[in-house]
Amino acid sequence: MPPDLSGGPRADDRTGRFEEHRPHLRAVAYRMLGSISEAEDAVQEAWLRYDRTDTGDVENLGGWLTTVVSRVCLNLLRSRAQRREDSLESRIPDPLLAREGVVDPEQEVLLADSVGLALMVVMESLSPAERVAFVLHDLFAVPFEEIAPLIEKTAAATRQLASRARRKVQGQAPAPDRDLARQRVAVDAFFAATRTGDLEALLAVLDPEVVLRADGYAGGTTRGVVLTGAATVAGQAVMFSSLAPYARPALINGAAGVVVIGADGRPVSIMAFTVVDGTIAAIDVLTDQERLDALDLSAFRE
């Protein structure tokens, strides 16, 4: 909860109005930043700016707050772009995790119409302005005329930015099957094939152009792994065979995936799958131990 800095009924009313918009602001910030902690920080900064601003004449408080949190996110994206040295192709954003059939109420808005992890990975390659334009317009239906001042472009230029971002996204992150049960069948078939070493079955469940992206191999030191093609990915599947017995079904950004918990109870990896027409088109793997340890995975240890 943001602090009540002044006390009294008016402060309570202002706090209440902000809290009504907090879930939406978190969803906007997460999709822009791909980081749960940075998204929370951005929303808190939006609260501080709201708290010291007279918004009595603001007709659309939700729109005003969305602009504020978007501006905070844009600054963070620009700062990140200046200092980043690691490969954008293989940075795995923070995953939104839930057990199948069990959704934390705090995650409901984030998971509603959730953006798949593969799409979040691709969005990492967009420029800050492209990402803001794409997220606000395509994911939250904000008009270009309202986005333009934020990124200091004309409405026409903003439309072009969003269009360019859309082409990149559609080309690299195909829309997954909506049927969660169908997704789970493909993921289960993948692990069944890796467990038995059935290469033919593995190739059958992988899209010919499948892409595997990982921040590194489990237990290894290699970072920034990107593999393409069913034969290449299948050839590396032996590394998943030892993990198969420890894979726990999970919803990752609303799609079928697994959380791998080792025999010692420590997380080994999180694997998100993009299933298109019944076959696996993308696999995104998070193995960074520090990031895994920071996640609340207690629900998957039961």
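Residues numbered from 1 in each chain as written. Predicted model: local features only at pLDDT ≥ 70, side-chain atom pairs only at ≥ 80, totals over all residues. Heavy atoms only, no water.

Draft legend 1. Main features of the environment of Glu152. Structurally, Glu152 is set in the loop between helix H7 (144–151) and helix H8 (155–172). The sequence separation of Glu152 and Ala129 amounts to 23 residues, and the corresponding C-alpha distance is 9.2 Å. (Helix = DSSP H or I, 4+ residues; strand = E, 2+ residues; numbered from the N terminus.)

Draft legend 2. A look at the sheet that holds strand S5 (residues 255–261). Across the sheet, seven strands lie side by side as S1-S4-S5-S6-S7-S2-S3; this open sheet has mixed pairing. A single partner strand is all that each edge strand has here, and the edge strands are strand S1 (97–98) and strand S3 (225–228). Sheet topology note: the S5/strand S6 (residues 267–276) ladder contains five bridges and is antiparallel. Looking at the pairing, Ile261 lines up with Pro267 of S6. Here helix H9 (residues 180–196) sits on the sheet in contact with strand S2 (206–214), strand S4 (247–252), S5, S6 and strand S7 (279–286), set at roughly 40° to S5. (Pairing = 2+ DSSP bridges. Contact = heavy atoms within 4.5 Å. Axes fitted to C-alpha atoms, helices over the stretch in contact; angles between N-to-C directions.)

Draft legend 3. Summary view of the pairing of S6. Buried residues dominate S6, accounting for nine of its ten residues. Bridge count between S6 and S7: seven bridges; the pairing is antiparallel. Note that in S7 the partner of Ile270 across the bridge is Leu286. Joining the antiparallel neighbours S6 and S7 is a turn of two residues, in which Asp277 adopts a positive phi near 55°. (Buried < 20%, exposed > 50% of the residue type's maximum accessible area, 1.4 Å probe, protein only.)

Draft legend 4. Fine view of the nonpolar core. In terms of nonpolar packing, the biggest core is built from 44 residues, with Met32, Val69, Met123, Val132, Leu136 and Ile151 touching the most fellow members. Those elements that provide at least two residues to this core are helix H1 (8–33), helix H2 (36–51), helix H3 (61–83), helix H5 (117–123), helix H6 (128–139), H7 and H8. Ranked by the residues each element gives to this core, the list is headed by H3, at eight residues. In contact with Val132, other than residues within four places in its own chain, are Met32, Leu74, Leu77, Leu150 and Ile151. (Core = buried A, V, L, I, M, F, W, Y, C linked by side-chain atoms within 4.5 Å.)

Draft legend 5. Structural context of H7. Of all the positions in H7, only Phe144, Ile147, Ala148, Leu150 and Ile151 are classed as buried. Here the buried residues of H7 occupy an arc of 165° about the axis, which is enough to place them on one side. Across H7 from its buried face, at more than 90 degrees, point the exposed residues Glu145, Glu146 and Pro149. Where H7 is buried, its residues meet H3, H6 and H8. Following H7 by one or two positions, Glu152 has its phi on the positive side, about 60°. (Arc of directions from axis to C-beta.)

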